[in-house]
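# Coordinate inspection notes
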Amino acid sequence: THLGGGAKEVPDVLLLSKPQFNYQAIIDTKAYSRYDLGAAQRDRMIHHYIPDIHKYGDPERPLAFFTYISGGFTPTINSPLKKIIASTRTNGSVATVSTIIKMIEFQEKQHCYAHDDIRNIFSVNRKIELSDIIL
């Protein structure tokens, strides 16, 4: 579900699994080629997106993960990401747009990503690498 737009305190996308898999996830997109996950963005995830998910998500489903998708990331991106993970005790990741495109291409050819696979890939608690998406 696309949420982003006018309101600042909601992420761009809320992902809901099929009911039998019982999870939801936060996806936030950034239009940068070298995104660094600055303090303001980190705090927004820590203090608004994750704790307020009951306001815009499904209160019956647990939050499985959060992820940031961007054109690229700084080499030190895992450090601020780990601060969010430690503060919220929620799995997280970052993924480049090119990695997401490769996932889509792989899915179209192999039809292999199940709901559990998606949860596992985006719960690696670091930048998602190409080796993470090849099943």
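This text follows the structure it describes.
Attention here is on the structure that accompanies the text. The structure presented is a predicted model; accordingly, all values stated were derived computationally and were not measured.

## Quick look at the environment of Thr-99
Inspection of the secondary structure assignment puts Thr-99 in helix α4 (residues 97-110). Here Thr-99 falls in the buried class, since its relative accessible area comes to 5%. Along the chain, Thr-99 and Glu-129 lie 30 residues apart, while their C-alpha atoms are 7.3 Å from each other.

## Regarding the pattern of salt bridges
Per the stated rule, a full pass over the model turns up six salt bridges. Linking Lys-55 and Asp-52 is a salt bridge whose minimum nitrogen-to-oxygen distance equals 3.9 Å. On the accessibility criterion, Asp-52 (16% relative accessible area) is buried. Across the pair Arg-126 and Asp-132 runs a salt bridge whose closest N-O atoms are separated by 2.8 Å. For Arg-126, a relative accessible area of 30% translates into the label partly exposed. Judged by relative accessible area, Asp-132 falls into the buried class, the value being 17%.

## Details of the packing of aromatic side chains
Within this structure, the stated rule accounts for seven aromatic pairs. Seen from their ring centres, Tyr-32 and Tyr-35 are 5.4 Å apart, and the 25° between their planes marks the pair as stacked. On the numbers, 5.4 Å between centres and 15° between planes, the contact of Phe-65 with Phe-122 is stacked. Taken together, the residues span a long stretch of sequence, with Phe-65 in strand β3 (residues 63-70) and Phe-122 in the loop between α5 (115-121) and β5 (126-127) at a distance of 57 residues. Like Phe-122, Phe-65 is buried.

## Section: helix α1 (residues 39-49)
Along an α-helix, residues three or four positions apart point the same way, because every turn accommodates 3.6 residues. Turning to α1, its buried residues are Gln-41, Arg-42, Met-45, Ile-46 and Tyr-49. In a view along the axis of α1, the buried residues occupy a sector of 130°, so they form one face of it. Residues of α1 that are buried sit in contact with β2 (24-30), α2 (53-56), β3 and α3 (78-88).

Procedures and definitions
- Residues numbered from 1 in each chain as written.
- Predicted model: local features only at pLDDT ≥ 70, side-chain atom pairs only at ≥ 80, totals over all residues.
- Heavy atoms only, no water.
- Helix = DSSP H or I, 4+ residues; strand = E, 2+ residues; numbered from the N terminus.
- Buried < 20%, exposed > 50% of the residue type's maximum accessible area, 1.4 Å probe, protein only.
- Salt bridge = Lys/Arg side-chain N within 4 Å of Asp/Glu carboxyl O.
- Phe/Tyr/Trp six-rings, centres within 6.5 Å; stacked < 30°, edge-to-face > 60°.
- Arc of directions from axis to C-beta.
- Contact = heavy atoms within 4.5 Å.

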